[in-house]
Amino acid sequence: MKSVTLGEFIIEKQYDFKYATGELSSILSSIRLASKIVHHELNKAGLAEHILGAVGTENIQGEEQQKLDLYANDVFIKALKNREIVCGITSEEDDDFVAFDGESMNGNYVVAMDPLDGSSNIDVNVSVGTIFSVYRRISPAGTPVVLEDFLQPGTEQVAGGYVLYGSSTMLIYTTGNGTNGFTYDSSLGTFYLSHPDMQTSKDGKIFSMNEGNYNRTSQGLRNYIDYTKGIDKATNRPYTARYIGSLVADFHRNLLKGGVYVYPSTDESPKGKLRLLYECNPLAFIIEQAGGKATDGEKRIMELKPTELHQRVPFIVGSSNMVDTIHEFIKEN
Ligand code: AHM
Ligand code: MG
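(A) Expanded view of the overall build of the chain. Helix and strand content of the chain: eight helices and 15 strands. At 19 Å, the chain has a C-alpha radius of gyration in line with the 20 Å of a compact globule built from 333 residues. Seen along its three principal axes, the alpha-carbon backbone of the chain occupies a region of about 60 × 50 × 45 Å. Evaluated residue by residue, the chain yields a buried proportion of 56% over its 333 residues. Across the chain, contacts joining residues at least 24 apart in sequence account for 64% of those joining residues at least 6 apart. Taken as a whole, the chain presents about 14,300 Å² of accessible surface, with 48% of it coming from carbon and sulfur.

Quick look at the structure:
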C-alpha cells in the first residue's frame, strides 16, 4: 500500500473544502510543524531538569502552569502567526485572546487551542495532547480580530483535531469530511496516514470518568456508574473502567476501542471542568465525524453558543449508544 504523508493528504483534500483557497491547508501545515517541535521537546522532558516542574504562575483558571505548557503555547502561536493567514488565537494558557497585527490582520481564520492538555502528567511520563479548533472569522478581514470571532458555536468549525504525544505521536483531524489519523515517524520527521476514515463503534465497553467525583455528581449519573459495574451478558457488562486523567489519551483510546468519557457537572464545579472552545468542541467534531456523539448531558456540544473564552461545560463523549444510555439515566432523575 502506498504511504501517504500528512502533507500530501492535506493538499489532496484541499478541494473538498468549500473555500478551497489553500489557506486552511496552510494552517494545518503550521499545526503539523508546531506539533513536531513540541514532540521533540517533550521527548527530552525526562532528561531536562530545567524543563520539569511548575513555573510558579497560575493561568486564569487558577491552575499551576508548567514550563512545557508555556513552551508549547509559544511554539503554536509562532507557527500559526508565521503564515499570516490566522488573525488571532485563543489559548487555555492566555487570559485573553491574542490579536495578530500587521499582515495577519488580513487573515480569514481564528484558532482556539489547548497547547498542552494534561500537562500535570508530564512529570510522571504519561501521554499529553494538543487540541485545536479552526474557525473563519466573522469580523471583516483587515481589522483587528474581536471576541465574537471566537465565540462561535462548534458547528461553525472548519477544522478540529488533536495531537497525542503518546507511545507514538499522532495527529488526528477533521474538516467535516471524516476523521483521519496520522502517526509520526520521528526518524524521518514525517506524519503518515495510519488511520484513514476512523469510525468509532456504536456500542462500547469502556467507561472513563474520575470516579472520585462519584458523590459530587447527580443521582442519575451515579445510577449509571453503578449500572456500568452491573453483571449482565446481554449488555456486555460490567464495562471496563479506564481513566488516565489526560483527556486526549482517554478520548483517543475510546475512539479506537469504543467507550464513553464523562467529565460531569459536580457540586463543586456545576459546569464541569473542561472548556468548550478548545477542549470539547474540537473533540466533539472529531467524534461526530467518526460516528459518535458529544453532549453536555442534554444538548449537543457543537450547538452550544459560547458566551466566554474559557467557558466550561459538562462533557459526555464517545460511542453513540453509550451516550444515549447516560442521557436516559440522567432524565430519570
Ligand atoms: P488541564 O487542561 O489543566 O490539563 O486539565 C484538563 C485535564 C484533562 O486532560 C483531564 O481529562 C482532566 O483534566 C482530568 O481532571 P481530573 O484530575 O479532575 O480527573
Ligand atoms: Mg486542558
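From this point, the narrative continues.
(B) Spotlight on the packing of helix 6 (residues 247–257) against helix 7 (residues 276–289). Closest axis-to-axis distance for the helix 6/helix 7 pair is 12 Å, and the angle between their directions is 15°. Classed by the angle they form, the pair helix 6 and helix 7 counts as roughly parallel. The handedness of the crossing between helix 6 and helix 7 is right-handed. Residues Leu247, Phe251 and Leu255 of helix 6 touch helix 7, and the partners they reach there are Glu279, Leu283, Ile286 and Ile287. Across the contact of helix 6 with helix 7, the residue classes tally to six nonpolar, no polar and one charged.

(C) Representation of the layout of surface pockets within the structure. Computed from the structure, the second largest pocket encloses a volume of approximately 310 Å³. What lines the second largest pocket is a set of 18 residues, among which Leu42, Asn43, Asn125, Val126 and Tyr165 lie closest to the centre. In terms of residues, the lining of the second largest pocket owes the most to one element, helix 2 (residues 23–43), which gives three residues. Partitioned by chemical class, the residues of the lining of the second largest pocket number eight nonpolar, nine polar and one charged.

(D) Up close: the packing of aromatic side chains. One pass over the structure, following the stated rule, counts twelve aromatic pairs. With a centroid separation of 5.6 Å and 85° between ring planes, the pair formed by tyrosine 162 and phenylalanine 251 is classed as edge-to-face. Separated by 89 residues along the polypeptide, tyrosine 162 in strand 7 (residues 157–165) and phenylalanine 251 in helix 6 bring together distant segments of the chain. Residues tyrosine 162 and phenylalanine 251 agree in their burial class; the two are buried. When the centroid spacing of 5.6 Å and the interplanar angle of 70° are considered together, the rings of phenylalanine 207 and tyrosine 224 count as edge-to-face. Placement of the pair is phenylalanine 207 in strand 11 (residues 206–208) and tyrosine 224 in helix 5 (residues 219–229), with a sequence separation of 17 residues. Here the two residues phenylalanine 207 and tyrosine 224 agree in accessibility, since each one is buried. Directly above the aromatic system of tyrosine 227 lies the positively charged group of arginine 237, at a separation of 3.7 Å from the ring centroid.

(E) Spatial organisation of the site of ligand 1. Neighbouring ligand 1 are 16 residues; Asp117, Tyr243, Leu247, Tyr261 and Tyr263 lie closest to it. Take aspartate 117: an N or O atom from its side chain is 2.5 Å from an oxygen atom of ligand 1. Between ligand 1 and tyrosine 261 there is a distance of 2.7 Å, counted from an oxygen atom to a side-chain nitrogen or oxygen. Mapped onto the shell around ligand 1, the elements with two or more residues apiece are strand 5 (109–117) and strand 13 (259–263).

(F) Structural context of the coordination of the magnesium ion (ligand 2). Surrounding the magnesium ion (ligand 2) are the protein donor atoms Glu92 (OE), Asp114 (OD), Asp117 (OD) and Glu279 (OE), at 1.9 to 2.3 Å. Read in sequence order, the donor residues coordinating the magnesium ion (ligand 2) give the pattern E-x21-D-x2-D-x161-E. For the pair shown, aspartate 114 and aspartate 117 are each scored as buried.

Conventions adopted
- Residues numbered from 1 in each chain as written.
- Chains lettered and ligands numbered in written order.
- Predicted model: local features only at pLDDT ≥ 70, side-chain atom pairs only at ≥ 80, totals over all residues.
- Heavy atoms only, no water.
- Helix = DSSP H or I, 4+ residues; strand = E, 2+ residues; numbered from the N terminus.
- Rg over C-alpha atoms; globule rule 2.2 N^0.38 Å.
- Buried < 20%, exposed > 50% of the residue type's maximum accessible area, 1.4 Å probe, protein only.
- Contact = heavy atoms within 4.5 Å.
- Areas by Shrake-Rupley, 256 points an atom, 1.4 Å probe, with all protein chains shown as cover.
- Axes fitted to C-alpha atoms, helices over the stretch in contact; angles between N-to-C directions.
- Parallel < 35°, antiparallel > 145°, perpendicular 65-115°, else oblique.
- Left-handed = near helix turned anticlockwise from the far one by under 90°.
- Nonpolar A, V, L, I, M, F, W, Y, C, P; charged D, E, K, R; others polar.
- 1 Å grid on protein atoms, 1.4 Å probe; cavity = no way out; pocket = protein on both sides within 12 Å on 5 of 7 lines; lining within 4 Å.
- Points joined across faces, edges and corners; volume = space filled by probe spheres on them.
- Phe/Tyr/Trp six-rings, centres within 6.5 Å; stacked < 30°, edge-to-face > 60°.
- Lys NZ or Arg CZ within 6 Å of the ring centre and 35° of its normal.
- Near = heavy atom within 4 Å.
- Polar contact = N/O pair within 3.5 Å; in protein donor to acceptor, adjacent residues only side chain to side chain.
- Donors = N, O, S within 2.8 Å, 3.2 Å for Na, K, Ca; no water.

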